Amino acid sequence: MTTVQAAYPAIEIPAAPISPGIIRVTVIRSPVSGRARVRVRGLYRCETLRLALEELPRCCPDLRSVEANPLTGNALILFDPQQSLAEIMVVLEHCARAYGPDLPDPIATPETRSVAPRRATPRHHARVPGDKDPAKEPWHARSPEEILGRWSSQAGGLSTAVAADRLSRHGQNVLTDAPRRSPIAMFLEQFASPPVALLGLSAVVSVATGGIADAVVILGVVVINAVIGYVTEAQAEKTIHALSHIGPTHAAVIRDGRKISISIAEVVPGDILDLSPGSYIAADARLLSSNQLSVDESALTGESLPVVKSHGFAGTAETPLGDRRNMLHRGTVVTGGSGRAVVVATGKHTEIGFIQSLVGEVRTPETPLQRQLDAMGMQLAMLSGGICLVVFGIGVWRGVVWLEMLKSAISLAVAAVPEGLPTVATSTLALGIREMQRRHVLIRQLPAVESLGSVQTLCFDKTGTLTENRMRVVSIQTPGCAVVLSANGDFFARGRSIRPTEMPALARLIDVAALCSEVKLNGDSDRTELEGSPTETALVDIAIRAGRDVHNLRGRYPLLKTVHRAEGRPYMATVHDRGDGEYRIAVKGSPAEVLAMCEYRLEGRERVCLDDEWRTAVLEQNQQMAGQALRVLGLADGSSSDMSTEAVTRRLTWLGLVGMEDGIRPGMAALISQFHEAGIDTVMITGDQSATAFSVGQRLGLNYDKALEIVDSTHLDKLDPQLLRGIVRDTTVFARVSPAHKLRIVQALQEAGRVVAMTGDGINDGPALKAADVGVAMGAKGTEVARSVADVVLEEDDLHTMIIAVQQGRTIYRNIRKSLQYLLSSNLSEIEIMLIGTAIGAGEVLNPIQLLWINLITDILPALGLALEPPESDVLRERPRDPAEAILRRSDLLRLVRQ
């Protein structure tokens, strides 16, 4: 029996099999005895459980240390290697059950639930600060009145004095900037490689033995190499930082009963936000009121469509982030409607703040080239060291003065090290970066350009990366026929191009789309810019493309009344003055609801009654279009002499169905095919629903040589890490993904032995971008969070440059291998000369300065020539190289010996 007494006197943890229930602790990795990384269900954002786990070593002698991370839900444990991991897991399991949050346990019984007491607070932690962390409270599960009471706020907002006091206690509403490399750190990083370190060691030994000139030449090479690398990387960093957009700086809040504009940094918990179209959400907030409020959350959740928000939504503590309809989050934007909300979290306590802290916890992996050059550097160090010892020993054994033999040994060490390698590698990578900059691809660090050529799996974010993050009408079903819209807005029906005015039902449908809308028209009839929600903008856009003068149309039918969408009312209706004593009615919304209001349909220009057969056919068409992952709306019109809501929503004429989609960027399917030809697996990761993700995956051709395998990521938390590694190998689409899930997917692919690149543009992509071997961010429309952690930034958001970058990366690697073989063949010849000279007693055939002259002057220029060779024709037709493969293969070494 292991008793936890020092910090947790109320709990006994038996060293016995755990009771039935959900297993909370599972092993992720246990590479060596006495060390393991585990996943702990309930640790995510639970400070109490973190403290309890990290206190365990004080009470359990077998546990040496526990490092628990509430941002990832993982813990690193060190324990007595003689102790069974299974017994350690029992201790961790009981601690997780005792101090973790309540989880739904379908098989727990009243007896098993009482095995361990709940949440005893550590004696020396009478109040855990994290318990009051606003980010951890389920605001979406509480009523507005309860939240207003919690923050001592009211509908009239805070007083100026209270707001000032809270600002001093809670701090400014600002996010911590992602750490950037300082110029000094960037310069020092150029020296952090074994080949350079070996040169530095040679210089030190040269100084110690009186070879000042040798040391100066060696150090000159090292410094030149570092300057080239620093200048190139500094220019890339400067360009990437210049892409940062100047975001909103002010927010509208209610203070002292009146609406004012204040700096976003001054927003405090309890403030009342006033919301209108275009408003930037300055902090996480709970809705108090809403009127047709819709919010673009794509940067946070990856959901491509604006989300309709409602203050009346009732959530539970388990409601996922993307489904919290009564919550607003910092960094999102209001696209339509209005409302008010009370601020519940600011600064680092917001969801964006949490994601940024998650980014800080992720370590960027070394590139394959870095690992290979480092390994080769160590091998060269061992080789040169061994040769030096052998030669030194032979010389001393033969009676040569030890100082003279030491100088000869140093000469051999200089001969063994290819001094030109760092310069050739750095110059080649720097020139590669310059070439990519010319193509508007910005590379943050030198090795990243080569890493692109090593990529085996390329993960794409969907919204804003593969798609345009802009709704577009692609299909219209009228009572007469089906109409398809091309990417440039042309209308096609029955296999031919048509003019919408040729079809009465289509013409009336287009007019309804333009009238039943809150889109603002900026500009004149010749050049109109649309301002409004993506859905409504797409509908008005088809009227403009059809040749309708929307300005004139709205002038002929002035708007008199709008019936907005609301809870239980999934449609919108507008009432317009017809000028003859009657009102024109325009309605759009849920197809089933709009159809239920209709009594007629059009047959040519005549109205005929809708029968049950037609209604059934319309509903079937709706299902077919929805199955293609389109957002489908039904449209109808009518007339009335009464403006009441009841009167304007009956006896309508059915006009048809409109299907919209988030359009795929031009040429994406062909680009995906090119990646497949290059042997690169492609995976799409999106926050959208499974049906939408499946449709986009089909259109992109992700099922290139296997079935289109799709996984709903809401189930990832329940998967064993080993099972997840198997699943990611065969999955081509992940849907409904959170930022933490994206990170898990990327890491699982890496644990499965893949070199992974991740593309993205949103806040939610930040952790995965940093964890990937190559993180690729959009430069024009991407968020600052994404750009700040990415290795590669596409300045013009053009993914087609990625295939060029892959070609460039593979070419650079091939050329570095060629240069390395040339340099080593020359150095092996020098070693042979020095060894033979020593063996036959000829003394020092070449002194260190002569060897340096050969290596730096006669070797570097030909090696650079090899490094600058253009791409070979087959570079994109071969599979990516194995990252575990040495930069010099066995066949290469044998060839070098022969040469």
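Cut-offs used in this document
Residues numbered from 1 in each chain as written. Predicted model: local features only at pLDDT ≥ 70, side-chain atom pairs only at ≥ 80, totals over all residues. Heavy atoms only, no water. Helix = DSSP H or I, 4+ residues; strand = E, 2+ residues; numbered from the N terminus. Buried < 20%, exposed > 50% of the residue type's maximum accessible area, 1.4 Å probe, protein only. Contact = heavy atoms within 4.5 Å. Areas by Shrake-Rupley, 256 points an atom, 1.4 Å probe, with all protein chains shown as cover. Expected span 1.5 Å × (residues − 1). Polar contact = N/O pair within 3.5 Å; in protein donor to acceptor, adjacent residues only side chain to side chain. Salt bridge = Lys/Arg side-chain N within 4 Å of Asp/Glu carboxyl O. Pairing = 2+ DSSP bridges. Phe/Tyr/Trp six-rings, centres within 6.5 Å; stacked < 30°, edge-to-face > 60°. Lys NZ or Arg CZ within 6 Å of the ring centre and 35° of its normal. Core = buried A, V, L, I, M, F, W, Y, C linked by side-chain atoms within 4.5 Å. Axes fitted to C-alpha atoms, helices over the stretch in contact; angles between N-to-C directions. Parallel < 35°, antiparallel > 145°, perpendicular 65-115°, else oblique. Left-handed = near helix turned anticlockwise from the far one by under 90°. Nonpolar A, V, L, I, M, F, W, Y, C, P; charged D, E, K, R; others polar. Patch = residues over 30% accessible without salt bridge, like charges linked within 9 Å, V, L, I, M, F, W, Y side chains within 5 Å.

Trainee: Got a minute to help me understand the overall build of the protein in this structure?
Mentor: Looking only at helices and strands, the protein features 31 helices and 34 strands. Taken across its 899 residues, the protein has 53% of its residues classed as buried. Residue pairs at least 24 apart in sequence account for 68% of intrachain contacts in the protein once pairs closer than 6 positions are excluded. Carbon and sulfur atoms make up 54% of the accessible area of the protein, which totals about 38800 Å².

Trainee: How should helix α2 (residues 85-99) be read in this particular structure?
Mentor: Residues separated by three or four positions in an α-helix point in the same direction, a consequence of the helix having 3.6 residues per turn. Here α2 is 15 residues long and its end C-alpha atoms lie 21 Å apart, about the 21 Å a rise of 1.5 Å per residue gives. Burial analysis of α2 places twelve of its 15 residues in the buried class, which makes it a mostly covered element. Where α2 is concerned, the buried positions are I88, M89, V90, V91, L92, E93, H94, C95, A96, R97, A98 and Y99. Between a side-chain oxygen at the N-terminus of α2 and the backbone nitrogen of A86 the separation is 3.2 Å; the capping residue is S84.

Trainee: What is the right way to read the pattern of salt bridges from this model?
Mentor: Opposite charge on two side chains makes pairing possible when the charged atoms of those side chains draw close. If you walk through the whole model with that rule in mind, you get 30 salt bridges. A salt bridge links E93 to R97, with the nearest nitrogen and oxygen atoms 2.9 Å apart. Here R97 and E93 lie together in helix α2, a separation of four residues that amounts to about one turn. We classify R97 as buried; its relative accessible area is 12%. Ionic contacts of the salt-bridge type, sharing partners, join the residues R814, K818, E869, E872, D874 and E878 into one network.

Trainee: What exactly am I supposed to notice about the environment of L373 here?
Mentor: Within the element layout of this structure, L373 appears in helix α11 (residues 368-397). Sequence separation of L373 and I887 is 514 residues, and the distance between their C-alpha atoms is 7.4 Å.

Trainee: Help me understand unusual backbone geometry, please; the structure alone is not making it clear to me.
Mentor: With phi around 50°, S152 is a residue other than glycine that occupies positive phi space. Residue position: S152 is located in the loop between α4 (144-150) and α5 (160-170). On the accessibility criterion, S152 (58% relative accessible area) is exposed. For R651, which is not a glycine, the phi torsion comes out positive at approximately 55°. Mapped onto the secondary structure, R651 falls in the loop between α21 (645-648) and β28 (652-664). Residue classification places R651 among the partly exposed residues on the basis of a relative accessible area of 42%.

Trainee: It is not clear to me how the pairing of strand β27 (residues 631-640) should be interpreted in this structure. Could you clarify?
Mentor: Regular strands have side chains that alternate between both faces of the sheet. Within β27, eight of the ten residues are buried, which leaves it mostly tucked inside the rest of the structure. For strand β24 (residues 583-589) and β27, the ladder comprises seven bridges, and the chain directions are antiparallel. The residue bridging A586 from the neighbouring strand is D637, located in β27.

Trainee: I keep staring at the packing of aromatic side chains and nothing clicks. Help me out?
Mentor: In this description, a pair of aromatic rings is defined by centroid distance and the angle of the planes. By the definition in use, this model includes two aromatic pairs. Aromatic side chains W139 and W151 sit 5.9 Å apart centroid to centroid with 35° between the ring planes, which places their arrangement in the tilted category. Here W151 lies in the loop between α4 and α5 and W139 lies in the loop between α3 (110-113) and α4, a separation of twelve residues in the sequence. Each member of the pair, W139 as well as W151, carries the same accessibility label: buried. A centroid spacing of 6.0 Å and a plane angle of 55° characterise the contact between F460 and F675, whose relative ring orientation is tilted. With F460 in strand β15 (residues 457-461) and F675 in helix α22 (residues 668-677), this residue pair connects regions lying 215 residues apart in the sequence. We note that F460, like F675, is buried. The ring centre of W139 lies 5.4 Å from the NZ or CZ of R142, which sits over that ring.

Trainee: When you look at helix α1 (residues 47-59) in this model, what are you seeing that I'm missing?
Mentor: For α1, with 13 residues, the first-to-last C-alpha span of 19 Å sits near the 18 Å given by 1.5 Å per residue. Within α1, ten of the 13 residues are buried, which leaves it mostly tucked inside the rest of the structure. All buried positions along α1 are accounted for by E47, T48, L49, R50, L51, A52, L53, E55, L56 and C59.

Trainee: It is not clear to me how the nonpolar core should be interpreted in this structure. Could you clarify?
Mentor: Burial of nonpolar side chains together is a common tendency in soluble globular proteins. Ranked by internal contacts, the top residues of the largest apolar core, which has 47 residues, are I443, F675 and L799. Here the element with the most residues in this core is helix α28 (residues 800-839); it accounts for nine residues. Other than its neighbours up to four places away in sequence, L799 contacts F460, T465, L466, M668, L671, T759, M778 and L794. L515, V550, M572 and L655 belong to the second largest nonpolar core, which has 38 residues in total.

Trainee: Honestly, the packing of α1 against α2 in this entry has me stumped. Any pointers?
Mentor: Angle between the axes and distance between the axes are the two parameters that describe a pair of packed helices. Look at α1 against α2: their axes get within 9 Å of each other, and the N-to-C directions meet at 150°. For the element pair α1 / α2, the angle class is roughly antiparallel. For the crossing formed where α1 meets α2, the hand is right-handed. Touching T48, L49, A52, L53 and L56 of α1 are V91, L92, C95, A96 and Y99, all from α2. Split by residue class, the contact of α1 with α2 holds nine nonpolar, one polar and no charged.

Trainee: Would you take a moment to explain the side chain of R817 for this structure?
Mentor: Here R817 shows up in helix α28. Look at R817 and you get buried, because its relative accessible area is 11%. Each residue touching R817, except ones within four places of it in the same chain, is listed here: I887, R889 and D892.

Trainee: Would you mind going over a nonpolar patch on the surface with me for this structure?
Mentor: A grouping of V396, V401, W402 and L403 is seen on the molecular surface, where their side chains present a nonpolar patch of about 390 Å² in accessible area. Mapped onto the elements of the fold, W402 is located in helix α12 (residues 402-416).

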